[in-house]
Amino acid sequence: SQTIHQWPATLVQPVGSPLSLECTVEGTSNPNLYWYRQAAGRGLQLLFYSVGIGQISSEVPQNLSASRPQDRQFILSSKKLLLSDSGFYLCAWSKGVPDTQYFGPGTRLTVL
Amino acid sequence: AQSVTQLGSHVSVSEGALVLLRCNYSSSVPPYLFWYVQYPNQGLQLLLKYTSAATLVKGINGFEAEFKKSETSFHLTKPSAHMSDAAEYFCAVSERNFGNEKLTFGTGTRLTIIP
């Protein structure tokens, strides 16, 4: 069966510091991968998605970036965090177009 | 373009009462429709999905939803609410276009169960 991991689970970072969140999927190959952000009291905002290694589509211009160095690994990064980057970050994968997306447990990021 | 509207950001029902969470969609082509549930500080879990088979879809935990094309709706129901149903619920749509890899989510409905 397939599983999706995210780490860290929680993170507290000062404004201006860098960020790296990691997501990995097990049990499938060539999945579509997604990064979402969920701010307090708001819905899900799609940040990036990827249909293959090195292929990244950005949905929202901001100070975040994403990379997919391996087939089942998706990384969300920032060089300098802003207060507005605080939120709950969710990674998801799917197989097929379109198909159900399966979500990881999330990372709670607090920028102080 | 695909979009979803969830009416009511907060819904409260008594334990044992009917749960009805509303979702209306907009899609230029036949859609796939999904309901997800999110418990506090967790990821989203799929409740059910509509993919053009039966219009009445049954999901986990006793939930079901009915696809009504004429009303562009996909409302989520459960006959009898349980305390464990307290969570946030998201409706999502995906258009059946080749190359469309994205789901569009509604803003969510927080369900509170009154003992």
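Up top you'll find the structure we're talking about.
Here the structure is a predicted model, which means the values were calculated and not measured. (Residues numbered from 1 in each chain as written. Chains lettered and ligands numbered in written order. Predicted model: local features only at pLDDT ≥ 70, side-chain atom pairs only at ≥ 80, totals over all residues. Heavy atoms only, no water.)

**Student:** It is not clear to me how the overall build of chain B should be interpreted in this structure. Could you clarify?
**Tutor:** Within chain B, the secondary structure is distributed over zero helices and 11 strands. Counting from the amino terminus, helix and strand elements in chain B follow one another as β-β-β-β-β-β-β-β-β-β-β. For 115 residues, the compact-globule estimate of 2.2 N^0.38 gives 13 Å, and the C-alpha radius of gyration of chain B, at 14 Å, lies within 12% of that figure. With the C-alpha coordinates aligned to their principal axes, the bounding extent of chain B is approximately 45 × 30 × 20 Å. Per-residue burial over chain B gives 44% buried out of 115 residues. Long-range pairs, those at least 24 residues apart, make up 58% of the contacts in chain B between residues at least 6 apart in sequence. On chain B, roughly 5,400 Å² of surface is accessible, and the fraction owed to carbon and sulfur atoms is 54%. (Helix = DSSP H or I, 4+ residues; strand = E, 2+ residues; numbered from the N terminus. Rg over C-alpha atoms; globule rule 2.2 N^0.38 Å. Buried < 20%, exposed > 50% of the residue type's maximum accessible area, 1.4 Å probe, protein only. Contact = heavy atoms within 4.5 Å. Areas by Shrake-Rupley, 256 points an atom, 1.4 Å probe, with all protein chains shown as cover.)

**Student:** Would you take a moment to explain the state of the cysteines for this structure?
**Tutor:** Here, the word disulfide means a covalent bond between the sulfur atoms of two cysteines. According to the stated counting rule, one finds two disulfides over all chains in the structure shown. Residue pairing for C23 of chain A: its cysteine sulfur links by disulfide to C91 of chain A, the two sulfurs lying 2.0 Å apart. Handedness of the C23 of chain A-C91 of chain A disulfide follows from its S-S torsion of about -75°: it is left-handed. Here C91 of chain A lies in strand β9 (residues 87-94) and C23 of chain A lies in strand β3 (residues 19-26), a separation of 68 residues in the sequence. Owing to a relative accessible area of 1%, C23 of chain A belongs among the buried residues under this scheme. There is a disulfide in this structure between C23 of chain B and C91 of chain B, and the S-S distance comes to 1.9 Å. (Disulfide = S-S within 2.5 Å.)

**Student:** Sorry if this is basic, but what is going on with the side chain of D85 of chain B here?
**Tutor:** Tracing the backbone through its elements, the reader meets D85 of chain B in the loop between β8 (73-78) and β9 (87-95). Setting aside residues up to four positions removed in sequence, D85 of chain B forms contacts with F63, K78, S80, L111 and I113 of chain B.

**Student:** Can you help me understand the nonpolar core in this one?
**Tutor:** Most often, soluble globular proteins have nonpolar side chains that are buried together. In this structure, W35, L48, F74, L76 and Y89 of chain B are the most contacted members of the largest nonpolar core, which totals 26 residues. When residues of this core are traced back to their parent elements, those giving at least two are β2 (10-14), β3 (19-26), β4 (31-38), β5 (44-50), β7 (64-68), β8, β9 and β11 (109-114) of chain B. If we ignore the near neighbours within four places in the chain, the residues touching F74 of chain B are C23, L33, F34, W35, L48, Y50, V57, A65, E66 and F67 of chain B. Ranked by size, the runner-up nonpolar core spans 20 residues in total, among them W35, A66, F74 and W93 of chain A. (Core = buried A, V, L, I, M, F, W, Y, C linked by side-chain atoms within 4.5 Å.)

**Student:** Could you clarify how one ought to interpret the sheet that holds strand β6 (residues 56-58) of chain B in this entry?
**Tutor:** Note: strands within a sheet are paired through backbone hydrogen bonds, in either parallel or antiparallel orientation. Residue and element names in this part refer to chain B. In space, the five strands of this open sheet follow the order β1-β3-β8-β7-β6, with antiparallel pairing throughout. Every interior strand has two partners, whereas the edge strands, β1 (3-7) and β6, have only one. Looking at each pair of strands side by side, their axes are set apart by 20° on average, direction ignored. Sheet analysis places β3 next to β8, joined by four bridges and oriented antiparallel. Bridged to L20 within β8 is T77. (Pairing = 2+ DSSP bridges. Axes fitted to C-alpha atoms, helices over the stretch in contact; angles between N-to-C directions.)

**Student:** Would you mind showing me how to read the interface of chain A and chain B here?
**Tutor:** Reports of interface size often rely on the accessible area that becomes lost once the parts have come together. Taken together, the contact pairs 22 residues of chain A with 22 residues of chain B. The junction of chain A with chain B conceals about 1,700 Å² of combined surface from both sides, 58% of it contributed by carbon and sulfur atoms. Connecting chain A to chain B are one salt bridge. Its salt-bridge partner being K102 of chain B, residue E59 of chain A comes within 3.3 Å of it at the nearest N-O pair. (Buried area = accessible area lost by both parts, 1.4 Å probe. Salt bridge = Lys/Arg side-chain N within 4 Å of Asp/Glu carboxyl O.)

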